[in-house]
Amino acid sequence: MGLLDGKKALIFGVANDHSIAWGIAKALHEQGAWVGFSSIEMLLEKRVRPLAESLGSTFVEPCDVQEDADIERVFARWQKEQGTIDILVHALAFARREDLDGRFVDTSRAGFMLALDVSAYSMVALARAAAPLMPNGGSMMTLSYYGAEKVVANYNVMGVAKSALESSVRYLAADLGPQNIRVNAISAGPIRTLAASGIAGFKTMYGKFKDIAPMRQSITIEDVGGTAVYLASDLSRNVTGETVYVDGGFNVLGVPTPDE
Ligand code: NAD
């Protein structure tokens, strides 16, 4: 008996087996959910399809979330093949490398718009497309980071995008709650992924994290997967609009100090 037996999940954002989206996919699948995948086209055949097949999934569809037509196509295929969705996972973000280094004040208009479009607006667009396929309600979730709330060196425009994302989660939760659809964010501590490698100084910050966070350990994609199962399942009924931290308690610290 799995917590998600009979449920169907559509997951955006698997790039490889280090992706947070992959940790979530594995965890949802372990609890009985049927999982389908959407990722950008160039990753699909080499990276995503073999991972999907390892979970017995045949649903692998390309999507650039900046393209409305791509989003429409993914959900049209899903509706044709699967009918309804119970769980939507949005685990993707993008900013130009030069905007994840140096001073935030130097962010260009184009860089700002790109980061906000891919990393925040896409959640709104995916939620709007998924909601009609959740006639009996459902659970939507996205991935955020502490840089949404506090200044984190080099996170820059991505911090602003994550603030917009967390705020969007609250507005989406208010809109979709009457349809029994819950919307939440998971704010994860640093994990070594492809996206994280684009942030200047990430490696150093990642290295120091486990000396500072109350739980004294690194965060894994399996840790995030566990919380995703909770948010996807009926265990979290009536939890919506929240940002749930999976960060070993880092966010409760006022003045983080490493052990001597
Ligand atoms: P990742 O590189 O494995 O995943 C990022 C995904 O975003 C990739 O699959 C990429 O293809 C996708 N993407 C980028 N632009 C896209 C577009 N235009 N259309 C469709 N997909 C696009 O890295 P990750 O760390 O697993 O990132 C997943 C999410 O988790 C992101 O929102 C990230 O900000 C968030 N997050 C990461 C960390 C961390 O330390 N790694 C911490 C907190 C939150």
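Since the model is a prediction, treat every value here as computed from it, not as a measurement.

(A) Just the confidence of the model for the chain, in detail. In this model, the chain carries a mean pLDDT of 96, and residues with pLDDT of at least 70 account for 100%. Element-level pLDDT for the chain is lowest in helix α2 (residues 41-54), with a mean of 92, against a maximum mean of 99 in strand β6 (residues 181-188).

(B) Examining the environment of leucine 253 more closely. Tracing the sequence through the fold places leucine 253 in the segment after β7 (243-246). Using a relative accessible area of 26% as the deciding quantity, one classes leucine 253 as partly exposed. Taking the C-alpha atoms as reference points, leucine 253 and glutamine 179, separated by 74 residues in sequence, lie 37 Å from one another. Contacts of leucine 253, omitting those with residues within four sequence positions, involve Ile212 and Pro214.

(C) How the structure looks around the sheet that holds β7. Read across the sheet, 7 strands follow the order β3-β2-β1-β4-β5-β6-β7 without closing on themselves; strand pairing throughout is parallel. The outermost strands of the open sheet, each flanked by one partner alone, are β3 (60-62) and β7. On average, adjacent strands in this sheet sit at an angle of 20 degrees to one another, irrespective of strand direction. Strand direction decides the pairing type here: strand β1 (residues 8-12) and strand β4 (residues 87-90), joined by 4 bridges, are parallel. Each bridged residue has a counterpart across the sheet, and for leucine 10 the counterpart in β4 is leucine 88. Strands in contact with helix α7 (residues 221-232) are β4, β5 (138-144), β6 and β7; relative to β6, the strand with the most contacts, it is inclined by about 165 degrees.

(D) Just the layout of surface pockets, in detail. Of the pockets and cavities examined, the second largest pocket occupies roughly 230 Å³. For the lining of the second largest pocket, a count of residues per class yields 2 nonpolar, 7 polar and 5 charged.

(E) Structural context of the packing of helix α4 (residues 109-130) against helix α5 (residues 156-176). α5 packs onto α4 with a crossing angle of 20 degrees between their chain directions and a minimal axis gap of 9 Å. Taken together, the axis directions place α4 and α5 in an arrangement best described as roughly parallel. α4 and α5 meet at a crossing whose hand is right-handed. Of the residues in α5, those in contact with Gly111, Phe112, Ala115, Leu116, Ser119, Ala120, Met123, Val124 and Ala127 of α4 are Val157, Met158, Val160, Ala161, Ala164, Leu165, Ser168, Leu172 and Leu176. Split into classes, the residues belonging to the contact of α4 with α5 amount to 15 nonpolar, 3 polar and no charged.

(F) Quick peek at the packing of aromatic side chains. This model, assessed by the stated rule, comprises 8 aromatic pairs. Ring centres of tryptophan 34 and tryptophan 78 lie 5.9 Å apart, and the angle between their planes is 65 degrees; this geometry places the pair in the edge-to-face category. Remark: tryptophan 78 occurs in helix α3 (residues 68-82) and tryptophan 34 occurs in strand β2 (residues 34-39); sequence separation between them is 44 residues. For tryptophan 78, a relative accessible area of 0% gives the class buried. Between phenylalanine 59 and tryptophan 78 the ring centres are 4.9 Å apart and the planes differ by 70 degrees, which places this aromatic pair in the edge-to-face class. Of the two residues, phenylalanine 59 is situated in the loop between α2 and β3 and tryptophan 78 in helix α3; the sequence distance between them amounts to 19 residues.

(G) The arrangement of helix α1 (residues 20-30) in detail. In terms of burial, α1 is a largely internal element, 8 of the 11 residues being buried. Taken together, the buried positions of α1 are occupied by Ile20, Ala21, Trp22, Gly23, Ile24, Ala25, Ala27 and Leu28. On its buried face, α1 sits against β1, β2, α2, β4, β5 and α7. Immediately downstream of α1, the backbone of glycine 32 shows phi near 100 degrees, a positive value.

(H) Highlighting the site of the ligand. In the region of the ligand, 28 residues are neighbours, and Ser19, Ile20, Lys162, Ile191 and Thr193 sit closest. Between the ligand and alanine 15, the relevant distance is 3.4 Å, taken from an oxygen atom to a main-chain nitrogen or oxygen of the residue. Within the backbone of alanine 195, an N or O atom sits 2.9 Å from an oxygen atom of the ligand. Computed on the free molecule, the ligand has an accessible area of 820 Å², of which 92% lies beneath the protein chains in the complex. Class assignment for the residues of the shell around the ligand results in 21 nonpolar, 5 polar and 2 charged.

(I) Local environment of a nonpolar patch on the surface. On the surface, Leu3, Tyr230 and Leu235 cluster together into a nonpolar patch covering about 280 Å² of accessible area. Positionally, tyrosine 230 belongs in helix α7.

How each quantity is defined
- Residues numbered from 1 in each chain as written.
- Predicted model: local features only at pLDDT ≥ 70, side-chain atom pairs only at ≥ 80, totals over all residues.
- Heavy atoms only, no water.
- pLDDT = per-residue confidence, 0-100.
- Helix = DSSP H or I, 4+ residues; strand = E, 2+ residues; numbered from the N terminus.
- Buried < 20%, exposed > 50% of the residue type's maximum accessible area, 1.4 Å probe, protein only.
- Contact = heavy atoms within 4.5 Å.
- Pairing = 2+ DSSP bridges.
- Axes fitted to C-alpha atoms, helices over the stretch in contact; angles between N-to-C directions.
- 1 Å grid on protein atoms, 1.4 Å probe; cavity = no way out; pocket = protein on both sides within 12 Å on 5 of 7 lines; lining within 4 Å.
- Points joined across faces, edges and corners; volume = space filled by probe spheres on them.
- Nonpolar A, V, L, I, M, F, W, Y, C, P; charged D, E, K, R; others polar.
- Parallel < 35°, antiparallel > 145°, perpendicular 65-115°, else oblique.
- Left-handed = near helix turned anticlockwise from the far one by under 90°.
- Phe/Tyr/Trp six-rings, centres within 6.5 Å; stacked < 30°, edge-to-face > 60°.
- Near = heavy atom within 4 Å.
- Polar contact = N/O pair within 3.5 Å; in protein donor to acceptor, adjacent residues only side chain to side chain.
- Areas by Shrake-Rupley, 256 points an atom, 1.4 Å probe, with all protein chains shown as cover.
- Patch = residues over 30% accessible without salt bridge, like charges linked within 9 Å, V, L, I, M, F, W, Y side chains within 5 Å.
- Salt bridge = Lys/Arg side-chain N within 4 Å of Asp/Glu carboxyl O.

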